[in-house]
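# What the coordinates show
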Amino acid sequence: VDSTPSMVVIFPAAPRLVDTLVPVQSVLPTEVVDVDCTVQDTYGNDVPTANPTVVVTPPFGWTLQEASVVIAAGHRVSATRAGYYQLRCEVPGNKEASDRTPPFVEIRPGPAFEWRLAMPLLECIEKGSKIELDSEVVDRWNNDVRGAVLEMTTDLDERIANAVDG
């Protein structure tokens, strides 16, 4: 029996399994999503020296710049364009060490900020006529705000823009 036991230190193998964790499924524009990356080797040992990065894939083929994506230190991500963003942790320089099922986070439109109306060009509008108006409601970042209710009434009884006989 050896009276002086030896210590054995087992180091993790190369990074292999990467998991991307996000605490929310949706946020408003400019709200920050804190992304947590876990990296393990093939045997399930944590690899604390892996130094993973976060890769963001914006929706609709947009570039990161078009989507106004900001990736800050500490794996903090925000964007202003509404849509579903894929957030994926990966280990740079190691193609095998990337999350295979990364989560999506939805950036929802913010509160209504501006509305626009469009109406058909008509030479004459008969009193009492109804005119269909197209409306668009957007947030501060020009995202469509669907379901916004616009109510508009007007009284044209005493307002005549142009009177022409005939």
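Presented here is a report on the structure given in the accompanying data block. (Residues numbered from 1 in each chain as written. Predicted model: local features only at pLDDT ≥ 70, side-chain atom pairs only at ≥ 80, totals over all residues. Heavy atoms only, no water.)

### Looking at the overall build of the protein chain
The helix and strand inventory of the protein chain stands at zero helices and 11 strands. In the protein chain, the succession of α and β elements from N to C terminus is β-β-β-β-β-β-β-β-β-β-β. The principal-axis extents of the C-alpha atoms in the protein chain amount to approximately 120 × 25 × 20 Å. The buried share of the protein chain, reckoned over its 166 residues, is 28%. Split by element, the accessible area of the protein chain, about 12600 Å² in all, is 52% carbon and sulfur. (Helix = DSSP H or I, 4+ residues; strand = E, 2+ residues; numbered from the N terminus. Buried < 20%, exposed > 50% of the residue type's maximum accessible area, 1.4 Å probe, protein only. Areas by Shrake-Rupley, 256 points an atom, 1.4 Å probe, with all protein chains shown as cover.)

### Re the nonpolar core
Within the largest apolar cluster, 22 residues are counted, with the highest numbers of intra-cluster contacts made by Val 35, Val 54, Val 56, Val 69, Val 77, Tyr 85 and Leu 87. Taken together, the elements giving at least two residues each to this core come down to β4 (36-40), β5 (53-57), β8 (83-90) and β9 (104-107). Beyond its immediate sequence surroundings of up to four residues, Val 56 is in contact with Leu 64, Val 69, Ile 71, Val 77, Tyr 85, Gln 86 and Leu 87. (Core = buried A, V, L, I, M, F, W, Y, C linked by side-chain atoms within 4.5 Å. Contact = heavy atoms within 4.5 Å.)

### Comments concerning unusual backbone geometry
Residue Thr 30 is not a glycine yet carries a positive backbone phi of 70 degrees. Residue position: Thr 30 is located in the loop between β2 (26-27) and β3 (33-34). Judged by its relative accessible area of 46%, Thr 30 falls in the partly exposed class. Even without a glycine there, the phi angle at Phe 60 is positive, about 60 degrees. Along the chain, the position of Phe 60 falls in the loop between β5 and β6 (70-72).

### Things to note about the layout of surface pockets
Counted as a void, the second largest pocket has a volume near 170 Å³. What lines the second largest pocket is Trp 62, Arg 81, Ala 82, Pro 109, Glu 136, Asn 142, Asn 143, Asp 144 and Arg 146. Among the residues making up the lining of the second largest pocket, the classes are represented as three nonpolar, two polar and four charged. (1 Å grid on protein atoms, 1.4 Å probe; cavity = no way out; pocket = protein on both sides within 12 Å on 5 of 7 lines; lining within 4 Å. Points joined across faces, edges and corners; volume = space filled by probe spheres on them. Nonpolar A, V, L, I, M, F, W, Y, C, P; charged D, E, K, R; others polar.)

### A look at the pairing of β9
Covered by surrounding structure in β9 are Val 105 and Ile 107 only, the residues Phe 104 and Glu 106 on the alternate face being uncovered. In this structure, β2 lies alongside β9, joined through two bridges in parallel fashion. Bridge assignment links Ser 26 to a residue of β9, and that residue is Glu 106. With four bridges joining them, β8 and β9 adopt antiparallel strand pairing. Across the sheet, residue Tyr 84 finds its bridge partner in β9, namely Glu 106. (Pairing = 2+ DSSP bridges.)

### Re the packing of aromatic side chains
Per the counting criterion, the structure on display carries one aromatic pair. Lying over the aromatic face of Trp 62, Arg 81 brings its terminal NZ or CZ to 4.1 Å of the ring centre. (Phe/Tyr/Trp six-rings, centres within 6.5 Å; stacked < 30°, edge-to-face > 60°. Lys NZ or Arg CZ within 6 Å of the ring centre and 35° of its normal.)

### Section: the environment of Pro 92
By the secondary structure assignment, Pro 92 is in the loop between β8 and β9. Linking Pro 92 and Thr 53, residues 39 residues apart in sequence, is a C-alpha distance of 7.0 Å.

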